[in-house]
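Coordinate inspection notes
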Amino acid sequence: MHALTGLSLVSLLSFGYLSWDWAKPSLVADGPGEAGEQPSAAPPQPPHIIFILTDDQGYHDVGYHGSDIETPTLDRLAAEGVKLENYYIQPICTPSRSQLLTGRYQIHTGLQHSIIRPRQPNCLPLDQVTLPQKLQEAGYSTHMVGKWHLGFYRKECLPTRRGFDTFLGSLTGNVDYYTYDNCDGPGVCGFDLHEGESVAWGLSGQYSTMLYAQRASHILASHSPQRPLFLYVAFQAVHTPLQSPREYLYRYRTMGNVARRKYAAMVTCMDEAVHNITWALKRYGFYNNSVIIFSSDNGGQTFSGGSNWPLRGRKGTYWEGGVRGLGFVHSPLLKRKRRTSRALVHITDWYPTLVGLAGGTASAADGLDGYDVWPAISEGRASPRTEILHNIDPLYNHARHGSLEGGFGIWNTAVQAAIRVGEWKLLTGDPGYGDWIPPQTLAAFPGSWWNLERMASVRQAVWLFNISADPYEREDLAGQRPDVVRTLLARLADYNRTAIPVRYPAENPRAHPDFNGGAWGPWASDEEEEEEEEGEGRARSFSRGRRKKKCKICKLRSFFRKLNTRLMSHRI
């Protein structure tokens, strides 16, 4: 890969397409008995686990959901496996990733609010045993490729310190797909591509989706199928910036809306990358004893080409369009294949499910909020999960029309929260923009269409829906079923009593890439971390004493904190 350094961009891209050497699309086996697939045999245990996570892919943006975007690989893998059509994730990046790797709700990790920003002294709590660490205990080789976005201010926060044997990818939330530059505000820019704990300057110039697929295939080529493998591929695609190789854009040249055209090209490129990884699994002898899990991390961003139609809302909201995920499981080990599962599944469930498949143990006694849902997925049994706490965020802007009285004295309905219990879903506070937005395929999206189904009423702070009967959240039943509202408000109060304080520290100017050779990376020592925790008390608010001592720095921190809160639904 280092040999690519210094080539022109055109030749580099050409070489990139010719060097899908680990995974040539024309050689992919499309069914049993085709090229690269091994004869059926009793699979050894435990299985190889491949978890593929996409970024900002909308509910409507996959072929088998009727999309105008081509995803032949995902369509085939899902059709031959189990489609998860009652599957939930979180509305933004960091929360989904933290719950995947810890099996815990945000209220139990202190990450209830927003995302971990590049300059915040914050990361996935170091006292949490992560999924890859549990799999290492079970004898697995663990590898991560792609986007981390779980904090990096100390070296102890890095992927290689949290359970992964190897890592290639970015630490922050979004980078340029070719240059790997990321700006966290005007003039605060740095390079963000890392291999292990070192900056991977030499890999700049390669389109990240292709680079990550090639690295995943290289890991498979160099690993023995006799040792269990956990491969976590967290694609940057299809998060902004909207960038795609020209060859994929050409397929959608007739699509009028420019953002949708670029987005579609990125999705199809990512689909081909998944194609190549699955081919590598077959070529190198992993496939017959493998479990492939595909998941999105949150709803699509409708302002950037994504679509969650016909669901309500978008990324950054607690409407179904923000939290209903794309998901399926593909594996020769499934007992009942080629079907759609309506079992209730949440992203926290992957932790105990995969640990169980690996032969380990994980349960509620370990403080987990997830359930082992493998019998529900593989055999079609009922899901052990009956409810989901989508989140409780006490720091998000309180709804003007919410109050404790409006919550029957049980719950302050000004607080942003969402919960699903059985067939019912309750939202309080400000859930985010609640529009129904059709795919933006036209060059100029008519304003009258955009406003056709805008959220009409903002003078409320409680919504109730029967999600099974009304998955598009069109009929608010809060006024008709106050008994159900009371019950779900009481469940929110129960959960809130188990919550730990929110950890959302002020941004630290020392994190600026200029102080780290031009790259994003760890900046704090253990001593500084202790000082930071003491100053902030690991609490909900910021230390007033530190403000007085360093007023200029604190004014800057206060500005960014307010800016982040106001722009959460737009920028993230």
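Rules and cut-offs
- Residues numbered from 1 in each chain as written.
- Predicted model: local features only at pLDDT ≥ 70, side-chain atom pairs only at ≥ 80, totals over all residues.
- Heavy atoms only, no water.
- Pairing = 2+ DSSP bridges.
- Helix = DSSP H or I, 4+ residues; strand = E, 2+ residues; numbered from the N terminus.
- Buried < 20%, exposed > 50% of the residue type's maximum accessible area, 1.4 Å probe, protein only.
- Salt bridge = Lys/Arg side-chain N within 4 Å of Asp/Glu carboxyl O.
- pLDDT = per-residue confidence, 0-100.
- Contact = heavy atoms within 4.5 Å.
- Disulfide = S-S within 2.5 Å.
- Axes fitted to C-alpha atoms, helices over the stretch in contact; angles between N-to-C directions.
- Core = buried A, V, L, I, M, F, W, Y, C linked by side-chain atoms within 4.5 Å.

With that settled, consider the sheet that holds strand 11 (residues 290–296). Each strand in a sheet pairs with another by means of backbone hydrogen bonds, the pair being arranged parallel or else antiparallel. One open sheet holds the ten strands; their spatial order is 9-8-5-4-10-1-11-12-2-13, and the pairing between them is mixed. Two strands close off the open sheet at either side, each with one partner strand: strand 9 (198–199) and strand 13 (339–341). Here strand 4 (residues 141–147) pairs with strand 10 (residues 229–234) via six bridges, running parallel. Considered in strand 10, the bridge of Gly-146 is made with Ala-234.

Moving on, we get to the pairing of strand 15 (residues 387–393). On any regular strand, side chains alternate: one points to one face of the sheet, the next to the other face. Burial analysis of strand 15 places seven of its seven residues in the buried class, the great majority of the element. By the bridge criterion, six bridges tie strand 15 to strand 16 (residues 416–421) in an arrangement that is antiparallel. When the sheet's bridge partners are listed, Leu-389 is paired in strand 16 with Ile-419.

Right, let's get into the pattern of salt bridges. Summed over the entire model, instances satisfying the criterion amount to 26 salt bridges. Across the pair Glu-320 and Lys-425 runs a salt bridge whose closest N-O atoms are separated by 2.9 Å. With a gap of 105 residues between them, Glu-320 in helix 8 (residues 320–323) and Lys-425 in strand 17 (residues 424–428) connect regions that are remote in the sequence. Both residues of the pair, Glu-320 and Lys-425, belong to the buried class.

Moving on to the confidence of the model for the protein. Mean pLDDT for the protein: 87, with 80% of residues reaching 70 or above. For residues 535–554, every residue scores under 50 in pLDDT, and the model assigns this stretch 29 contacts once sequence neighbours within four places are set aside. Low pLDDT, under 50, characterises residues 557–572; the predicted model gives this stretch 39 contacts beyond four residues in sequence or across chains.

All right, on to the state of the cysteines then. Throughout the structure, instances matching the rule amount to two disulfides. Put simply, Cys-123 and Cys-157 are joined by a disulfide, and their sulfur atoms are 2.2 Å apart. Across the S-S bond linking Cys-123 and Cys-157, the dihedral sits near -55 degrees, which makes this disulfide left-handed. Separated by 34 residues along the polypeptide, Cys-123 in the loop between helix 3 (93–102) and helix 4 (131–137) and Cys-157 in the loop between strand 4 and strand 5 (166–170) bring together distant segments of the chain. Exposure class is identical for Cys-123 and Cys-157. Each is buried. Paired through a disulfide, Cys-183 and Cys-189 show a sulfur-sulfur distance of 1.9 Å. Note on the Cys-183 and Cys-189 pair: the S-S dihedral is about 110 degrees, so by sign convention the disulfide is right-handed. Judged by its relative accessible area of 39%, Cys-183 falls in the partly exposed class. If the cysteines joined by disulfides in the protein are listed in sequence order, their pairing comes out as 1-2, 3-4.

Okay, the sheet that holds strand 18 (residues 462–466) next. Spatially, the four strands line up as an open sheet ordered 15-16-17-18, and their pairing is antiparallel. Only two strands of the sheet have a single partner each, and these edge strands are strand 15 and strand 18. With strand direction ignored, the average angle separating the axes of adjacent strands in the sheet is 10 degrees. Packed onto the sheet, helix 12 (residues 482–496) meets strand 15, strand 16, strand 17 and strand 18 and runs at close to 70 degrees relative to strand 17.

Let us look at the nonpolar core. One finds Ile-52, Leu-193, Leu-220, Leu-231, Phe-235 and Met-270 to be the most contacted residues of the largest nonpolar core, which totals 56 residues. At the level of secondary structure, the elements contributing two or more residues to this core comprise strand 1 (48–54), helix 2 (72–80), helix 5 (208–222), strand 10, helix 7 (258–283) and strand 11. Per-element tally for this core: the top contributor is helix 7, with 13 residues. Not counting the four nearest positions on each side in its chain, Ile-52 is found in contact with Val-233, Phe-235, Val-274, Ile-292, Ile-293, Phe-294 and Ser-295. Residues Tyr-87, Phe-152, Leu-158 and Val-188 belong to the second largest nonpolar core, which totals 50 residues.

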